[in-house]
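Read off the chains here:
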Amino acid sequence: MIDFHCHLDLYPDPYSIAAECAAQNIYVLSVTNTPSAWTGSSRLGHDSHRIWTALGLHPQIAHERKGELPLFENLLSKTRYVGEVGLDGMPEFRRYWPDQTMVFARILEACARAGGRILSIHSRRAATQVLDALEAQPDAGVPILHWFSGNYRELQRAVALGCWFSVCLSMLNGTKGRGLVGKMPQDRVLTESDGPFAQVDGRAALPSDTDRAAIALAEVWDKPADEVREQLFRNMRHLW
Ligand code: MN
C-alpha cells in the first residue's frame, strides 16, 4: 500500500500507527505542518525504510508560522520531500492571502535553488493560484497535488505543467472526485489517506485505508485492482 499524504505525527498515538505501517509494509509520505515539527516527526520513520518525512508549512497557518521560513530553508538539504505546502482559498484563510502567497513562493524558490524536491501540495479553492505559482518556478521539482478539487480546465492545466496527483477515498466516493480521477494520467497518480483529518466510516482515516482507494480507482479506471496496485507502485518507483 502507498499513502503519499498522511499526517502521521497528528494521530493521538503516532508511534503505534507508524509501527503498524512498518508491519504492513505500507509506504508513507509523512507530511508535516510546520518546519519545527520536522525533526521530531522524522523519528517516526526511523524503524522503517518505507516512511519518509516531508518538510512542510501548511497554508492555513502560514500567517502564524512565516517566521519559521529560515528554519525551513535550513532543513531543506536534509530531505527530498516537501509538504504540506500550498494555498487555501477558503473564506476563513483568504484574509491571510498575502502571507500564504509569500510563504508558498519562498518555499518554491528554495526548492528550485536546492535542485528540486518532491512536493505534496494543498490547493483547496486555490488551484489556479497554485498552478500560477508552480508555473513561475518550473525548477521547484515534482508537484503532487493532494486531494485535488479544481475544475476540469484546471486539471488539464495541471497535467500540462507536469503535476502528479494523490487521491484519497473521500475523493473517490464523490461524483466530482471520480470525474476528475477518471481524467488524470494514470501514470501520475498515487493514493493517500490524509489521515487523521480525512474520515473513513466515521473515524480518522488510516494509512491502511489506501488499499480501498486503490480498489475504488480500479472501478473508475475499469481495470483489475491488481493491475492498478502495480501501476501505483510503478508510479512511486518512478519518483525515486
Ligand atoms: Mn493534509
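In this numbering scheme, every chain counts its residues from 1 along its sequence in written order. For a predicted model such as this one, the threshold for reporting local features is a pLDDT of at least 70, and the threshold for listing and counting side-chain atom pairs is 80 or more; totals across whole chains, interfaces and linings nevertheless cover every residue. Calculation of side-chain values draws on the structure's entire complement of heavy atoms; hydrogens and water are dropped beforehand.

**Section: helix α6 (residues 97–113)**
And then number 1: Secondary structure elements follow DSSP: runs of H or I no shorter than four residues count as helices, runs of E no shorter than two count as strands, and numbering proceeds from the N terminus. Helix span is expected to be 1.5 Å times the residue number reduced by one. With 17 residues, α6 extends 24 Å from end C-alpha to end C-alpha; this agrees with the ideal 24 Å at 1.5 Å per step.
And then number 2: The buried label applies to any residue whose accessible area, calculated with a 1.4 Å probe on protein chains only, is under 20% of its type's maximum; exposed applies above 50%, and partly exposed to all values in between. Inspection of α6 places Trp 97, Asp 99, Gln 100, Val 103, Phe 104, Ile 107, Leu 108, Ala 110, Cys 111 and Ala 112 among the buried residues, and these make up the whole buried set.
And then number 3: The elements touched by buried residues of α6 are α3 (62–65), α4 (69–75), β4 (81–86), α5 (91–94), β5 (117–122) and α7 (127–136). Note on contacts: a residue pair is in contact if any heavy atoms of the two residues lie within 4.5 Å.

**Digging into the sheet that holds strand β2 (residues 27–30)**
And then number 1: Two strands form a pair only when DSSP identifies at least two bridges running between them. Reading across the sheet, the 3 strands line up as β1-β2-β3 and stay open at both edges, with parallel pairing between neighbours. Each edge of the open sheet is held by one strand with a lone partner, namely β1 (2–6) and β3 (51–53). The average undirected angle you get between the axes of adjacent strands in this sheet is 10°.
And then number 2: In terms of strand pairing, β2 meets β3 through 3 bridges, oriented parallel. Directly across from Val 28, in β3, lies its bridge partner Ile 51. To get an axis, a line is fitted to the C-alpha atoms, and for a helix only the part in contact is used. The angle between two axes follows their N-to-C directions and goes from 0 to 180 degrees.

**Here we look at the side chain of Ser 193**
And then number 1: Summarising the element assignment, Ser 193 is placed in the loop between β8 (189–191) and β9 (199–200).
And then number 2: Polar contact is the term for a pair of N or O atoms within 3.5 Å; when the atoms are in protein, one must be able to donate a hydrogen and the other to accept it, and sequence-neighboring residues count only if both atoms are side-chain atoms. Within the local environment of Ser 193, its side chain forms a polar contact with the side chain of Asp 3, the two groups lying 2.6 Å apart.
And then number 3: Setting aside anything within four residues of it in sequence, one finds Ser 193 in contact with Asp 3, His 5, Cys 6, Tyr 11, Cys 168, Ala 198, Ala 205, Leu 206, Pro 207 and Thr 210.

**Here's the deal with the coordination of the manganese ion**
And then number 1: Donor atoms: N, O and S within 2.8 Å of the metal, or within 3.2 Å for Na, K and Ca. Because water is excluded, sites can look incomplete. Looking at the manganese ion, one finds its protein donor set to be His 5 (NE2), His 7 (NE2), Glu 84 (OE) and Asp 194 (OD), positioned 2.3 to 2.4 Å from the metal centre.
And then number 2: The sequence motif formed by the donor residues of the manganese ion is H-x1-H-x76-E-x109-D. Remark: Asp 194 occurs in the loop between β8 and β9 and His 5 occurs in strand β1; sequence separation between them is 189 residues.
And then number 3: Using a relative accessible area of 6% as the deciding quantity, one classes Asp 194 as buried.

**Some details on the packing of α6 against α7**
And then number 1: Taken N-terminus to C-terminus, the directions of α6 and α7 make an angle of 35°; their axes are 10 Å apart at the nearest point. Seen from above, α6 lies across α7 with right-handed handedness. Together, Trp 97, Phe 104 and Leu 108 of α6 and Gln 129, Val 130, Ala 133 and Leu 134 of α7 make up the contact between the two elements.
And then number 2: Only Asp, Glu, Lys and Arg are considered charged in this grouping, and only Ala, Val, Leu, Ile, Met, Phe, Trp, Tyr, Cys and Pro are considered nonpolar; every other residue, Gly among them, is considered polar. Here the residues of the contact of α6 with α7 sort into 6 nonpolar, 1 polar and no charged. The crossing is said to be left-handed when, going from far helix to near helix, the turn is anticlockwise and less than a right angle, and right-handed when the turn is clockwise.

**Considerations on helix α11 (residues 210–221)**
And then number 1: The first and last C-alpha atoms of α11 sit 16 Å apart over 12 residues, in line with the 16 Å expected at 1.5 Å per residue.
And then number 2: All of the buried residues along α11 are Thr 210, Ala 213, Ala 214, Ala 216, Leu 217, Ala 218 and Trp 221.
And then number 3: Residues of α11 that are buried sit in contact with β1, β7 (164–167), α9 (169–173), α10 (175–182), β8 and α12 (225–239).
And then number 4: One or two positions beyond α11, positive phi appears at Asp 222, with a value near 55°.

**Brief notes about the pattern of salt bridges**
And then number 1: Whenever Lys or Arg places a side-chain nitrogen within 4 Å of a carboxyl oxygen from Asp or Glu, that contact is recorded as a salt bridge. Taken as a whole, this structure holds 12 salt bridges when the rule is applied.
And then number 2: A salt bridge links Arg 157 to Asp 132, with the shortest nitrogen-to-oxygen separation between them at 2.8 Å. Of this pair, Arg 157 sits in helix α8 (residues 152–160) while Asp 132 sits in helix α7, and the two are 25 residues apart along the sequence.
And then number 3: For Arg 157, a relative accessible area of 25% corresponds to the partly exposed category.
And then number 4: Glu 135 is the partner of Arg 157 in a salt bridge, and the nearest nitrogen-oxygen pair spans 3.0 Å. Here Glu 135 lies in helix α7 and Arg 157 lies in helix α8, a separation of 22 residues in the sequence.

**Concerning the packing of aromatic side chains**
Both the distance between ring centres and the angle between the ring planes are used here to describe each pair of aromatic rings.
And then number 1: Any pair of Phe, Tyr and Trp rings, taking the six-membered ring for Trp, is counted once the centres come within 6.5 Å. Such a pair is stacked with planes under 30 degrees apart, edge-to-face with planes over 60 apart, and tilted for the rest. In this structure the tally under the stated criterion is 8 aromatic pairs.
And then number 2: Three or more aromatic residues link up through ring pairs in this structure, and these residues are Phe 4, Tyr 27, Trp 52, Tyr 81, Phe 233 and Trp 240.
And then number 3: Here the guanidinium or amino end of Arg 94 rests over the ring plane of Trp 97, the centre of that ring lying 4.1 Å away.
And then number 4: The criterion is that NZ of a Lys, or CZ of an Arg, lies within 6 Å of the ring centre and within 35 degrees of the ring normal, and then a charge sits over that ring. A cation sits over an aromatic face here: Lys 183 above Tyr 152, 4.7 Å from the ring centre.

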